[in-house]
Each structure stands twice: as C-alpha cells, then as structure tokens.
Amino acid sequence: LNSCNLGYDIGVNTNAAPLVQSDLELTDIQLEIFVGAINLFAMFGALSSQHFTDQFGRRKTFLIAAFSFIIGSGIQSIAQSYMVLMFGRVFVGLAVGVGLAIDPLYISEMSPAAHRGELVTWAEIALQLGIVFGFSTGMIFSGVPDETAWRYMFGCGIFMPALMIFLSSFIMPETPRWLVVNDRENEARRVLAKIYPEGYDIEPVIDDIKEAVRREIMAEQNVGWDVILFPTPAFKRILFVGLGIAISQQAVGIDAIQYFLVYILDETGIRSRDAQSAVLMFIGVVKLVCIIIAGKLLDLKGRRPLFFISLCGIAGSCLVMSINFYGSSYSASFAVFGLSLYMAFFALGMGPGGWLVPAEVFPTCIRAKAISLSSFMNRVTATLMASTFLSTAKAMTWAGFFFLLGMIACLVLLFVYYCVPETKGRSLEDMSIYFAEITGDTSILETEEKLFREREVREATVEITPRTFTPPTARDIPPEALQDATVVGTMS
C-alpha cells in the first residue's frame, strides 16, 4: 500500500501538470521546477529518514510520511498561486523520500530471509501499479473542467495515506530489529513468534539481529568517510561502478519522460484527455508487466545480459521517436509504439538493475554510506533531467532531444560493457576480491579483513573473559548437604 501510494503521487503529476500550467498560467520553467522539485525534496526526505526510523521506530515513520502526504496533497489541491502550490510540493516530496527509504527497510527487517527478495520485488511492482493508478485519474476526471480536475487528482492522494495511518497504528507491528536495538527483546520475541511458524526457535534469530547490529556499529566506527572521499584504486573502481549505474538509470531520461508524457503525446496530435489517459494506462501496464518479467530474468539470466538488452532497446526506441519527430508531420501511433518500447526495455534491465547492482558491489565496510550516496546521486540526476526537460526539448527540437537520449543510452552501454561486472550469484566477498585483482590494490581486502579480525577478537574476548568465582563456604551450604562429604568436596 505504501508503494502504491508513492507510485500514485508520481503518476498523477503526468496528467495534472498540463492542467496546472494552464489554470495557474505557469511558464515552462515554473512547471519544470514544480515537476522536478519532488525529487529535490525527496532527497532531503530520504536523508532525514534515518533519524526518524532510529528515533521513533519504523511504524511511526510510516505515520510521519502518511501525514506529510495528506498535508501536501491537501495544500496542492486548494492552491490558488504558484507559491502555495510549491509549498504543498515540499510536503509531498519529503514524504516520497521518507516513504522510499522506509519501505524496503521495513520489509527487510520484518520478513524471513527466504522471502525478502520476493517481497521487495512485489514492492517494486506495487510502485508501478500506483503509477498506473495515477495515470488513470485523467480518465476518471475526464468529464470535469480542467481548472477543477487537477485539484481532484491531487485531492485523491489523501485516501491511501489515510488507510496507511490506520494500518500502521493498529495492524502493523514494530520491526524486531528496532525493538532489539532499543532493549525491548521481549516485544521482539512476540513479533517474531507471529512471523515464524509455531514452535520455531526464535532465539537464534534474536542472536543474528544482535550480531548484525554489532557488525554495522564496528564498520561505522572503523571506516569513516575518508575511504569514500579519498579512495584507493580498488575503492575508486567500486564507487565508479556503483555510482555510475545509479546515475545512468536516470541519465537515460526515465523520470523526465514519465512526467512529461502528456506533452509528448500532445505534440504528436493526441490532444483529447480521454485518448491521452488511455495511452498512459496502456504504457503503464506494459511497464508493469515487464517489471514482473525482469524480476524473474535477473536471477535466471544475470545482470549484464539484461542491461545490454535494456540499453539497446532504449537506444532503439529513442531513435524511433527521433525519426518520428523529424519533419513536419508526426505519427501518433508511431509515437505510442516508440514510448511503449522505451518503457518496456527500461523496465527489463535499467529499472530494477539500477538499484540492484549498487547493493551487490559495495563491500560491508562502506556499504551503508555508499548506498546512501548512490541513492542521493540518482535523485540529483532525476531532478536535473526533469527540471530541464521541456526547455531542452524546445531548444533542440523533439527529434534532437530523443536522439540525444539515444546517444546517452549508447554511452551507458559502453560503460556497462567495459566497467560493470556480472554480480549474479557472487557474494560481497567475491566482488571485493574481483576489484582487488583488476586494480592490483589489496587495501579493500585489508579493510574487510580488519573488520573480520576485530569481530573475531571481540567474540573471543567475550568467550574467554574470566569470571570472578568465590568458592562457597560452609555457611553457604545447606546443613543437610554438609553431612555428605562428596557434596562438600565437589562444591569446594
């Protein structure tokens, strides 16, 4: 439900943006800022999410995000000026950032390891389903006047957060990990008893949680930001791959195209709101189906083959769009075909792979910091692309703009071919060894080994620490036991 809500707030802007521009008489630059601002404010929301989740717990963080969604959606729906509209955008953007961060965190901490991958995949599918819901608002409110329809579209954004407030308040439990970290182990045991089968021994699960927390604290204390800010060759190559994939996912233009689909359709001659909504829903469903297929193929065929297929398809679809816009007459059906191909090929590889590969190449010692940095760079790129889309397209013409996106996809393809390794079935340790070998730099292995050795020393210290033992005296032994010489000798 949280993912659907996030998707809805992304998808609804595609229909609402041109209506907002017409009603409030916004310039193209104002509209670009309005659309791109959701990613900008989402960055701050994601950065603040760690404080909320650690300080107040995972459940209350869901509440914070939901209330922020409701406030932002309400303000946007009643806005009479651009400044008020942007004020509401701040709350929505912050909520998107917090929601994107808390969603996978809650799933990973609540679900048994055997089901985590599947549940995270379902969260991605639900996100795309929410985008389709957002697309459908154009059809639902097609009979409503333009100056009112966009307000209804934004206003509908309060229903799913309201349901989320009910679920997080009365049904969803707090995660066992947060409870253990905050010395509430008995509550954690009760939650785990509901998650695992009846009679399952949950004490090893509690121990695993404690050990994972200790390792993260140790990594945080022993490896600072210097490793990322002043990296050795191995760490530099790892960051180049992880951050490069995260940036590339948005550099091919997915968010920008998705937000401004209506403008592209309008340029091809599809100007009816009903027709535009039908096309948007068709494209959204195509992308949704391809995401489901990609979830199966990534583990079956590997990451690199799907990246190659995805990027070749993106480049080809952009070329189709560029050819369509070249000249004086445009084909609407050709444009729909090209956009559908673009969304399908993006969903097959660059979409899910853009998040998967960074999580698989960063070693334990820099994992938390590097993943946060990759997410931040991904959102920065999305903000820049969305905030300059219309201006760039008008300056270069639509044909030139799609040709540029195709060239970017080709450059990303070369980057993947020469720099990105296959991560399917390879552990974090395997990846560390790989990067150490290709760069001739063993510092990464030394850093990982340092953490491992310190953990071993810590565990050994805990095991062999002598305990103070005071032999019992006669006063400590029951009178009846003193009559048995064997008991007295044994206790002494």
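This report concerns the structure included in the present document.

Reading the values: the criteria
Residues numbered from 1 in each chain as written. Predicted model: local features only at pLDDT ≥ 70, side-chain atom pairs only at ≥ 80, totals over all residues. Heavy atoms only, no water. 1 Å grid on protein atoms, 1.4 Å probe; cavity = no way out; pocket = protein on both sides within 12 Å on 5 of 7 lines; lining within 4 Å. Points joined across faces, edges and corners; volume = space filled by probe spheres on them. Helix = DSSP H or I, 4+ residues; strand = E, 2+ residues; numbered from the N terminus. Nonpolar A, V, L, I, M, F, W, Y, C, P; charged D, E, K, R; others polar. Polar contact = N/O pair within 3.5 Å; in protein donor to acceptor, adjacent residues only side chain to side chain. Contact = heavy atoms within 4.5 Å. Axes fitted to C-alpha atoms, helices over the stretch in contact; angles between N-to-C directions. Parallel < 35°, antiparallel > 145°, perpendicular 65-115°, else oblique. Left-handed = near helix turned anticlockwise from the far one by under 90°. Buried < 20%, exposed > 50% of the residue type's maximum accessible area, 1.4 Å probe, protein only. Phe/Tyr/Trp six-rings, centres within 6.5 Å; stacked < 30°, edge-to-face > 60°. Patch = residues over 30% accessible without salt bridge, like charges linked within 9 Å, V, L, I, M, F, W, Y side chains within 5 Å. Areas by Shrake-Rupley, 256 points an atom, 1.4 Å probe, with all protein chains shown as cover. Salt bridge = Lys/Arg side-chain N within 4 Å of Asp/Glu carboxyl O.

**Here we look at empty space enclosed by the protein**
Taken as a whole, this structure holds two cavities of 30 Å³ or more when the rule is applied. Roughly 40 Å³ of volume is contained in the largest cavity. Together, Ile-10, Ile-38, Asn-39, Ala-42, Val-96, Leu-100, Tyr-259 and Arg-379 line the largest cavity. Top element by residues in the lining of the largest cavity is helix H2 (residues 28-56). It accounts for three residues. Residues that form the lining of the largest cavity fall into these classes: six nonpolar, one polar and one charged. Quantified by volume, the second largest cavity comes out at close to 30 Å³. Those elements that place two or more of their residues in the lining of the second largest cavity are helix H1 (2-24) and helix H3 (58-78).

**Digging into the side chain of Asn-39**
Relative to the assigned elements, Asn-39 resides in helix H2. A polar contact is formed between the side chain of Asn-39 and the side chain of Arg-379, at a distance of 2.4 Å. Once you skip the residues sitting within four places of it in the chain, Asn-39 turns out to touch Asp-255, Tyr-259, Arg-379, Ala-382 and Thr-383.

**Here's the deal with the packing of H1 against helix H4 (residues 82-110)**
The contact between H1 and H4 brings their axes to 10 Å, and the two run at 160°. The angle between the axes of H1 and H4 places the two elements in the roughly antiparallel class. In this structure, H1 meets H4 at a crossing whose hand is left-handed. Here Asn-2, Ser-3, Leu-6, Asp-9, Asn-13, Val-20 and Leu-24 of H1 lie close against H4, whose contacting residues are Leu-85, Arg-89, Val-92, Ala-95, Val-96, Gly-99, Leu-100, Ile-102 and Asp-103. Broken down by class, the residue content of the contact of H1 with H4 amounts to nine nonpolar, four polar and three charged.

**What about the layout of surface pockets?**
Looking at the second largest pocket, its volume works out to about 320 Å³. Taken together, 16 residues make up the lining of the second largest pocket; nearest its centre are Leu-1, Asn-2, Asp-103, Tyr-106 and Ile-107. Where the lining of the second largest pocket is concerned, the elements lending two or more residues are H1, H4, helix H5 (113-140) and helix H7 (159-170). The residue makeup of the lining of the second largest pocket, split by class, is twelve nonpolar, three polar and one charged.

**Some thoughts on unusual backbone geometry**
A positive phi angle is found at Glu-25, which is not glycine, with a value near 55°. Mapped onto the secondary structure, Glu-25 falls in the loop between H1 and H2. Given the relative accessible area of 67%, Glu-25 is considered exposed. Unlike most non-glycine residues, Asp-183 shows phi in positive territory, near 60°. As for its position among the elements, Asp-183 is in the loop between helix H8 (176-181) and helix H9 (185-195).

**Some words on the packing of helix H12 (residues 233-251) against helix H17 (residues 332-361)**
Where H12 meets H17, the axes come as close as 9 Å, and the angle between the chain directions of the two elements is 150°. By the angle between their axes, H12 is roughly antiparallel relative to H17. Of the two possible hands of crossing, H12 and H17 adopt the one that is left-handed. Facing Ile-238, Val-241, Gly-242, Ile-245, Ala-246, Ser-248 and Gln-249 of H12, the residues of H17 in contact are Phe-346, Met-350, Gly-351, Gly-353, Gly-354, Trp-355, Val-357, Pro-358 and Val-361. Of the residues that constitute the contact of H12 with H17, the class distribution is ten nonpolar, six polar and no charged.

**Quick look at the packing of aromatic side chains**
In the structure shown here, the tally under the stated rule is 22 aromatic pairs. Ring centres of Phe-240 and Phe-415 lie 5.3 Å apart, and the angle between their planes is 90°; this geometry places the pair in the edge-to-face category. Here Phe-415 lies in helix H18 (residues 367-419) and Phe-240 lies in helix H12, a separation of 175 residues in the sequence. Owing to a relative accessible area of 44%, Phe-240 belongs among the partly exposed residues under this scheme.

**Focus: a nonpolar patch on the surface**
Taken together, the side chains of Leu-319, Ile-323, Phe-334, Phe-337, Phe-403 and Met-407 present a nonpolar region at the surface, about 570 Å² in accessible area. For the nonpolar patch, the elements supplying multiple residues, two or more each, are helix H16 (303-325), H17 and H18. Looking at the secondary structure, you find Phe-403 in helix H18.

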